[in-house]
Each structure stands twice: as structure tokens, then as C-alpha cells.
Amino acid sequence: SFPALAQQPVKIGMSMPQTGALGAGGKAALLALQMWVEDVNAKGGLLGRKVEFIAYDDQTNPGVVPGIYTKLLDIDKVDLLIAPYGTNVTAPIMPLVKQRDLLLMGNFSFDANAQIKHDKWFNNAPWGAGALAWSGPFLETAEKLGAKSIAIMAADAEFAQNLCTGARAIAKAKGFQSVYDQNYPPNSVDFSSIIRAVRAAKPDVVFICSYPAESVAIVRAVNEIGVGPTVKIIGGGMVGLQFTPNMEALGPLLNGFVNYNSYVPEKSMDNPAVREFLKRYEVRAKQAKVDVLGYYLPPYNYAIGQMIEQAVTATKSLDQKVLAADIHKNEMKTIVGNIKYDAMGEWATPKMVMAQFRGIKGKDLDQFRQQGKQVIIAPAAMKTGEILPFDKARN
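From a predicted model like this one, the values you see are computed outputs, not experimental measurements.

J.: Which residues make up the sheet that holds strand β13 (residues 353-357), and what values do they have?
T.: Taken together, the seven strands give an open sheet; going across it, the order is β7-β6-β8-β9-β10-β13-β14, and neighbouring strands pair in mixed fashion. Two strands close off the open sheet at either side, each with one partner strand: β7 (177-184) and β14 (374-378). Each strand axis lies, on average, 25 degrees off the axis of its neighbour in the sheet, ignoring direction. As paired elements, strand β6 (residues 149-155) and strand β8 (residues 205-210) share five bridges and run parallel to each other. Within the sheet, the bridge partner assigned to I152 lies in β8 and is F207. Contacts from helix α6 (residues 132-144) reach β6, β8, β9 (233-238), β10 (258-261), β13 and β14, with the element oriented near 175 degrees to β9. Taken strand by strand, helix α7 (residues 158-173) contacts β6, β7, β8 and β9, and its axis lies near 165 degrees from that of β6.

J.: Break down the pattern of salt bridges for me, with residues and values.
T.: Inspection of the entire model under this criterion finds 18 salt bridges. Of the charged contacts, one joins K120 and D119 as a salt bridge, the two residues approaching to 3.1 Å between their closest N and O atoms. D119 gets classed as partly exposed once you look at its relative accessible area, which sits at 43%. The shortest N-O distance in the salt bridge between K286 and E282 comes to 3.3 Å. Of the two residues, K286 and E282 both sit in helix α11 (residues 272-288), four residues apart, roughly one turn of that helix. The exposure class assigned to K286 is exposed, which follows from its relative accessible area of 51%. Of the residues examined, E282 reaches a relative accessible area of 19% and is grouped as buried. Beyond isolated ion pairs, a larger network of salt bridges with shared partners links D101, D119, K120 and K321.

J.: Can you lay out the side chain of N271 for me, pointing to particular residues and giving the numbers?
T.: Looking at the secondary structure, you find N271 in the loop between β10 and α11. Only 2.7 Å separates the side chain of N271 from the backbone nitrogen of A273, close enough to count as a polar contact. Excluding residues that lie within four positions of it along the chain, N271 makes contacts with I335 and V336.

J.: Mind laying out the state of the cysteines, listing which residues take part and the relevant values?
T.: In total, this model carries one disulfide according to the counting rule given. Two residues share a disulfide in this structure: C164 and C209, whose sulfurs sit 2.3 Å from each other. Taking the sign of the S-S torsion, 95 degrees for the link of C164 and C209, the bridge is right-handed. Residue C164 is found in helix α7, and its partner C209 is found in strand β8; the two are separated by 45 residues along the sequence. Residue class for C164 comes out buried when judged on its relative accessible area of 0%. Judged by relative accessible area, C209 falls into the buried class, the value being 0%.

J.: Mind laying out the sheet that holds strand β1 (residues 10-16), listing which residues take part and the relevant values?
T.: The sheet built from five strands is open, its strands ordered β2-β1-β3-β4-β5 with parallel pairing. Both edges of this open sheet fall to β2 (51-57) and β5 (121-124), since each of them pairs with a single strand only. When strand polarity is set aside, the average angle formed by the axes of neighbouring strands in this sheet is 20 degrees. Bridge analysis of strand β3 (residues 80-82) against strand β4 (residues 104-107) gives two bridges, and the strand direction is parallel. Across the sheet, the residue bridging to I82 is M105, located in β4. Against the sheet, helix α2 (residues 23-42) engages β1, β2 and β3, with an angle of about 170 degrees to β2.

J.: Hey, could you go over the packing of α2 against α11 for me, with residue numbers and the actual values?
T.: Put simply, α2 and α11 touch, their axes get as near as 11 Å, and they point 110 degrees apart. Classified by the angle their axes make, α2 and α11 are roughly perpendicular. Note that α2 runs across α11; the crossing there is right-handed. Within the contact between the two elements, α2 uses A28, L31, A32, M35, E38 and D39 and α11 uses F277, R280, Y281, R284 and A285. Here the contact of α2 with α11 is composed, by residue class, of seven nonpolar, no polar and four charged.

J.: With reference to specific residues and values, describe empty space enclosed by the protein.
T.: Taken as a whole, this structure holds two cavities of 30 Å³ or more when the rule is applied. Taken as a whole, the largest cavity holds about 60 Å³ of empty space. Looking at the largest cavity, the residues that line it are Y85, G86, T87, F108, W127, W134, F159, Y211, V239, Y260 and Y296. Taken together, the residues of the lining of the largest cavity sort by class into nine nonpolar, two polar and no charged. There is about 40 Å³ of room inside the second largest cavity. Lining the second largest cavity are A24, G25, A28, Q242, F243, D291, Y296, L297 and P298. In terms of residues, the lining of the second largest cavity owes the most to one element, α2, which gives three residues. Here the lining of the second largest cavity is built from residues that sort into six nonpolar, two polar and one charged.

Conventions we followed
- Residues numbered from 1 in each chain as written.
- Predicted model: local features only at pLDDT ≥ 70, side-chain atom pairs only at ≥ 80, totals over all residues.
- Heavy atoms only, no water.
- Pairing = 2+ DSSP bridges.
- Helix = DSSP H or I, 4+ residues; strand = E, 2+ residues; numbered from the N terminus.
- Axes fitted to C-alpha atoms, helices over the stretch in contact; angles between N-to-C directions.
- Contact = heavy atoms within 4.5 Å.
- Salt bridge = Lys/Arg side-chain N within 4 Å of Asp/Glu carboxyl O.
- Buried < 20%, exposed > 50% of the residue type's maximum accessible area, 1.4 Å probe, protein only.
- Polar contact = N/O pair within 3.5 Å; in protein donor to acceptor, adjacent residues only side chain to side chain.
- Disulfide = S-S within 2.5 Å.
- Parallel < 35°, antiparallel > 145°, perpendicular 65-115°, else oblique.
- Left-handed = near helix turned anticlockwise from the far one by under 90°.
- Nonpolar A, V, L, I, M, F, W, Y, C, P; charged D, E, K, R; others polar.
- 1 Å grid on protein atoms, 1.4 Å probe; cavity = no way out; pocket = protein on both sides within 12 Å on 5 of 7 lines; lining within 4 Å.
- Points joined across faces, edges and corners; volume = space filled by probe spheres on them.

Here you go:
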């Protein structure tokens, strides 16, 4: 029976938000993983076996995720797991994965392992552990503009709360005075009262931790109501402003906002491997009618596949302990660069950027391929321009 067994596929399973709050990003990420599966199978698969990829839609609903992963393990009998895209949907499976002592490749979540401390978790996200990569460069930039006071607004959900807790501590250490701090219910659509309250508080800095639909609604509310002349910098942790459909829909309303990103088409981030991948991705994305530019998640999801491939090939094994030891020990080589993991399974060296939207006119998609539309203002090593105060960048 051994030869027959050798031909069994290597099964890799995950849930992925394809609908709900993170659906737009999830669909793009899924396409990239499917591309990796096709590529690896074209080379003969893993360990000489075909890779079978199983993905279920979790609808961005944290409540259904543990059930999906239990099914993947106990009914589908997958060999390896990839986490869903995002913190809110990853957090619920961390106890299960730790309990069963399984390898889990994380997918753009934030501090999902901070409490659980599972030693077989590897998050592919350019921000590393804690809020420093997010709020550090953002607040240092604010200091350069002479800012002294801060307003914070955050969704009352896992990701936003983790991030804003970190941001508060960093702001406090830097001596920023907190003049407004407000949580709002997830999936809120009306931000007019919050924006009016922010305006009345007259902060120099507005730090926002939000999910996609909220991010879009906040940008619209800021444009309708205004945040007042004191605000020098606004944004920071707004998920969804990286998705092409949202950038297209908001157009010039984005001007002046500063936000985190994983990839923007600026000189300092140019990378032939990513450029090559995005060319192939775009053809597929048009057919599939998903995020055409695919800057934010797709290269990183392809890289998750590459890391699995590298570890399995190097160890000639699917043993979770063996694979985890290999990923901890070695620098993983991917299209998004070489990745070294720290003890908590986060990037040891963050490579996240803060970029300012500038000079966006109309709703033309092509402008977002150009340099100078999302100017990298931090960190220093990646910088492609100086920050413009919010008012200035809008005009």
C-alpha cells in the first residue's frame, strides 16, 4: 500500500474571508495562494505529491472560524494549515492550534499570538510584534510637524483594540497629551458625531484603528465635516484603504491621509520579484473580478506558500515540529524579501511603511500605479518624500 499512499495529495487548508468586512482583501489573497498551488504543482508538488488546497469562506465572522478549522483537521484531514486573513478571524483559532500543537502560518494578523504564545505560529505580516512599527513612525512624523496632542478612535474589536492599546502607550511615552479617545461599535457607518467631537477637541494628531467599511465611512465623514485646522496628521491604522476598489471609490477624498501599507509603487519598494508576480496576478485578477492592483495582500500570501514549500523541501517532512523548527532557524526566502522570525513568530525586522495619499484626481485606477500618489514618509530607510500637513496635502 505504500506506493498508493505516496500518491495521496498534500492537503493544505484554511478559511478565508471572501465575503463580509474583509472579503475584498480575502478574495485577492486567495487568488495569490491559488497561483502558488498551481506553480508548485507544475514543479511536481511537495515531496513528489500534488498539493490540494481547501479553502472555506468564513464571511469575516469570528464565530464560524473554529468550526471550519475543526472540520479541516478532523474531516478533510489536512496536513497543513494557513490562518485566515486578519486578526479578528484568526484570534478564535489560536487556542485550538496550540492545544493540538500544530503549525499555523499567520496571515496579516496583529498580535494574535501575544497572549497564547504558541511556538509553531509564523505570521506573515510586515509589521512584526506590537504597535511600534505602526505608531512609532507615525508619531515621530507628527513630532516633526510640531504636534503635541492626540485624538484616538478605534473599533471595539480585537485588531483595533490591540493596535490602539499599543499606540496609546507609545503616545504617552512621547509626551503627547490625549484630548479625545473613543471606541465605536464594529461596522459603524455613521461617524459624523465622532468627527465633530474630534474637531471640538482640537488635536494635532488623529490616530485611527478601523476595518474596511469603517475606514471608508471615516474618510467620507472627514471630507464632509472636516477635522479643523489643528490636525497636522490623520490616519495610521486604517484597514481597507489599501484595497483597490476602495481607493478607486474614494479618489481625491484620500488626499492627505497617512496610512500604513505593505507595498506601494514607490522607488524604495521596487522589487523585480514582486513586479513579476503582480504582472501575472493582474491577468488573473481581471478574469476573477477581484482587486486588480493586488499590492496589499497577494504578494504576501504567495510568500506564505513559498515558506511552506521551502520548509517542506528542506526537511523532506510534513511533521509540524520539524517544520516549525526549520522556519524558526532559517531565513525564509520569498518574493517579498527574506524573512527571519522572532521567538513569538512575528517578523524580527518589520518592513512596514507609512504612506501619504497625494495629488489624487478623479477616480482613475491607473493613477495608483504611479509613483508620488502614495508617498512613503516613514520609516527613514524607505522614505520617498517629506510629510505634508493634512491641510496642505488636501489642496
